Amino acid sequence: MRMRLRNIIKHIITCRSKSSTIGKVGLLLSGGLNSRVIGNVLRDSQVKGLKTFFVGTKTAHERVSSENGAKSISSIHHDILFDINQAFEDIPKVIELAETYDTASIRKALLLYTVCKYIHQHNAIDVLFCGEGLDEIAGSQIYYKQAKCAQEFQNTLENNLKRPIGREVYDKIGSWFGIRIVFPFLDPLFTSTYLSFTSEDRIPRFGIEKYFLRVCLDHSDLITEEVLWKHREDWVDSASSFDRFWIKFLQRLCSKSVNHAEFEKREETYLHNPPLTTEEFLYRQTFEKIFPEQLSLVPAIFRPSFGVGTDPSPRTWNIYPQHLCVDFLATVRMMV
């Protein structure tokens, strides 16, 4: 079982890296498991001139992990500074390209827009690998730990998978800048194989999300133990530190820019997916101006499951502190 999944992961990444039309290759490298696995396989596939990209504010705590990952695969690393004020100015263009007002999607799109704009300006690469999709398939959001049984986990996963995964938004942003974005973990061979394992196998265990995948990758050449058993951090969250969370600064800018009298009447104005915050309200207003009477473009928006909160960011959820209290590596070693 473990070897089968490992071989599939190597296969889906290697095949994409050796395409005759792939051109100059890059990798969106955070500090987490998904991108580090891709990076290790690209290194072993001997991709020439591999470039890696990290985006975040000055306080982004995953920066060091990303730099260490780049050193381990000998890539040409680019550290891109994320300017929150510039991101705020980019909101209309990002919504136009992404064709959505979904808060989770727009936040990711703002980061990706910054990366792709940098790549375009520096003529850096033609193809950008990223780990998007794996966490949706694996049920890696920390709220899945709230599932009382495997069936509840499976039901929640299936409901969430009915919503579009971020690939579509990534494709639209990348295409605007002439960059093809590659999603190895959305390969049908991987997704069908992973989901063929029972929900009892795939449910979080011992307070560790993505536990089944981590066990399958343990003691392999795909990932180091330190990275394999670290806490999962959402890409949007990892772009800044805990105490200077960039979303809070963005929300303040959004709040200052909207008419609060109009915001108070939001439920009368928007019967479909009514916005909950001034940030969501601004996105919705901007979307409606660009795409009037096009509600079918956004049939559903992301809301966290299990009542952990309403904001897409895990850092805002009531279970987040409990998540950080679990020492993944120590827990695993105790079981050996």
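Source: prediction; values computed, not measured. (Residues numbered from 1 in each chain as written. Predicted model: local features only at pLDDT ≥ 70, side-chain atom pairs only at ≥ 80, totals over all residues. Heavy atoms only, no water.)

Asks: Would you mind going over the pairing of strand E2 (residues 51–56) with me for this structure?
Replies: Across a regular strand the side chains alternate sides, sitting on one face of the sheet and then on the other. Most of E2 sits inside the fold, with six of its six residues counted as buried. On E2, burial covers both faces: Lys51, Phe53 and Val55 on one face and Thr52, Phe54 and Gly56 on the other are all buried. With helix H2 (residues 33–44) bridging strand E1 (residues 25–28) and its parallel neighbour E2, the resulting β-α-β unit is right-handed. The pairing of E2 with strand E3 (residues 76–81) spans six bridges and is parallel. Within the sheet, the bridge partner assigned to Phe53 lies in E3 and is His78. The β-α-β motif built from E2, the intervening helix H3 (residues 63–72) and the parallel element E3 has right-handed crossover chirality. (Buried < 20%, exposed > 50% of the residue type's maximum accessible area, 1.4 Å probe, protein only. Helix = DSSP H or I, 4+ residues; strand = E, 2+ residues; numbered from the N terminus. Right-handed = clockwise from strand over helix to strand, strands pointing away. Pairing = 2+ DSSP bridges.)

Asks: Mind showing me how you'd approach a positive patch on the surface here?
Replies: Among the surface-exposed residues, Arg244, Lys248, Arg252 and Lys256 lie close enough to one another that they form a single positively charged patch. Its place among the elements puts Arg252 in helix H14 (residues 246–257). (Patch = residues over 30% accessible without salt bridge, like charges linked within 9 Å, V, L, I, M, F, W, Y side chains within 5 Å. Areas by Shrake-Rupley, 256 points an atom, 1.4 Å probe, with all protein chains shown as cover. Salt bridge = Lys/Arg side-chain N within 4 Å of Asp/Glu carboxyl O. Lys, Arg positive; Asp, Glu negative; His and termini not counted. Charge placed at Lys NZ, Arg CZ, Asp CG, Glu CD.)

Asks: Would you mind showing me how to read the packing of aromatic side chains here?
Replies: What characterises a pair of aromatic rings is the spacing of the ring centres plus the angle enclosed by the ring planes. Under the counting rule described, the total for this entry stands at 20 aromatic pairs. For the pair Phe206 and Tyr211, a centre-to-centre distance of 5.4 Å together with 65 degrees between the ring planes defines the contact as edge-to-face. Put simply, the rings of Tyr143, Tyr144, Phe153, Phe306 and Trp317 pair up and form one aromatic cluster. Note that Arg315 overlies the ring of Phe242, its terminal NZ or CZ placed 4.4 Å from the centroid. Between the NZ or CZ atom of Arg315 and the centre of the ring of Phe245, over which it lies, the distance is 5.0 Å. (Phe/Tyr/Trp six-rings, centres within 6.5 Å; stacked < 30°, edge-to-face > 60°. Lys NZ or Arg CZ within 6 Å of the ring centre and 35° of its normal.)

Asks: Mind showing me how you'd approach the sheet that holds E2 here?
Replies: Note on sheets: strands pair through backbone hydrogen bonds, and any given pair is parallel or antiparallel. Pairing in this open sheet of five strands is parallel, and the strands run E3-E2-E1-E4-E5 from one edge to the other. Sheet topology places E3 and strand E5 (180–182) at the edges, where each strand pairs with a single neighbour. When the angles between neighbouring strand axes are averaged without regard to direction, this sheet yields 25 degrees. Packed onto the sheet, helix H5 (residues 103–122) meets E1, E2, E3, strand E4 (127–129) and E5 and runs at close to 135 degrees relative to E2. (Axes fitted to C-alpha atoms, helices over the stretch in contact; angles between N-to-C directions. Contact = heavy atoms within 4.5 Å.)

Asks: Even after reading the chapter, I still don't get the state of the cysteines, so can you show me in this structure?
Replies: Joining two cysteines, a disulfide is a covalent bond between their sulfur atoms. Taken as a whole and assessed by the stated rule, the structure comprises zero disulfides. Cysteine Cys116 shares no disulfide, and the gap to the nearest cysteine sulfur, in Cys130, comes to 9.6 Å. (Disulfide = S-S within 2.5 Å.)

Asks: Would you mind going over the packing of helix H4 (residues 84–98) against H5 with me for this structure?
Replies: Angle between the axes and distance between the axes are the two parameters that describe a pair of packed helices. Where H4 contacts H5, the axes come no closer than 9 Å and their chain directions differ by 100 degrees. Classed by the angle they form, the pair H4 and H5 counts as roughly perpendicular. On H5, the residues touching Gln86, Ala87, Asp90, Ile91, Lys93, Val94, Ile95 and Leu97 of H4 are Ile106, Ala109, Leu110, Tyr113 and Lys117. Here the residues of the contact of H4 with H5 sort into nine nonpolar, one polar and three charged. (Parallel < 35°, antiparallel > 145°, perpendicular 65-115°, else oblique. Nonpolar A, V, L, I, M, F, W, Y, C, P; charged D, E, K, R; others polar.)

Asks: Quick question: what am I supposed to make of the layout of surface pockets here?
Replies: Taken as a whole, the second largest pocket holds about 320 Å³ of empty space. If you go around the second largest pocket, you meet 14 residues; those closest to its centre are Thr57, Phe82, Ile84, Arg244 and Phe249. The set of elements that each furnish at least two residues to the lining of the second largest pocket consists of H4 and H14. Ranked by residue count, the leading element in the lining of the second largest pocket is H14, at five residues. Here the lining of the second largest pocket is composed, by residue class, of six nonpolar, three polar and five charged. (1 Å grid on protein atoms, 1.4 Å probe; cavity = no way out; pocket = protein on both sides within 12 Å on 5 of 7 lines; lining within 4 Å. Points joined across faces, edges and corners; volume = space filled by probe spheres on them.)

Asks: Help me understand the side chain of Ser30 in this model?
Replies: Within the secondary structure, Ser30 sits in the loop between E1 and H2. Taking relative accessible area as the criterion, Ser30 reaches 18% and is therefore assigned buried. Other than its neighbours up to four places away in sequence, Ser30 contacts Ser35, Phe54, Ser66 and Trp235.

Asks: Help me understand unusual backbone geometry in this model?
Replies: Where the residue is not glycine, phi is negative for most of them; where a peptide bond is considered, it is trans in most cases. Residues other than glycine seldom take positive phi values, yet Ser74 does so here, at roughly 55 degrees. Of note, Ser74 is situated in the loop between H3 and E3. In the Ramachandran plot, Phe306 falls in the positive-phi region, its phi being about 65 degrees despite a non-glycine side chain. Tracing the backbone through its elements, the reader meets Phe306 in the loop between helix H17 (278–290) and helix H18 (320–324).

Asks: Help me out: how do you make sense of the pattern of salt bridges in this one?
Replies: Tallied over the entire structure, the rule returns 22 salt bridges. One salt bridge connects Glu96 with Lys93, and the closest N-O pair in it is separated by 3.6 Å. Highlighted residues: Glu96 and Lys93, both in helix H4, separated by three residues, approximately one helical turn. Judged by its relative accessible area of 22%, Lys93 falls in the partly exposed class. Here Arg214 makes a salt bridge to Glu209, at a shortest N to O gap of 2.5 Å. The exposure class of Arg214 is buried, given its relative accessible area of 2%. Residue class for Glu209 comes out buried when judged on its relative accessible area of 0%.

Asks: Sorry, what's going on with empty space enclosed by the protein here?
Replies: Rolled over the atoms, a probe as big as a water molecule pinpoints where empty space is left. Per the counting criterion, the structure on display carries three cavities of 30 Å³ or more. One number sums up the size of the largest cavity: a volume of about 80 Å³. The wall of the largest cavity is formed by Tyr101, Asp102, Thr103, Asn273, Pro274, Pro275, Glu280, Arg284, Ile301, Phe302, Arg303 and Pro312. Tallied by class, residues from the lining of the largest cavity come to six nonpolar, two polar and four charged.

Any functional reading would require information beyond the geometric quantities listed.
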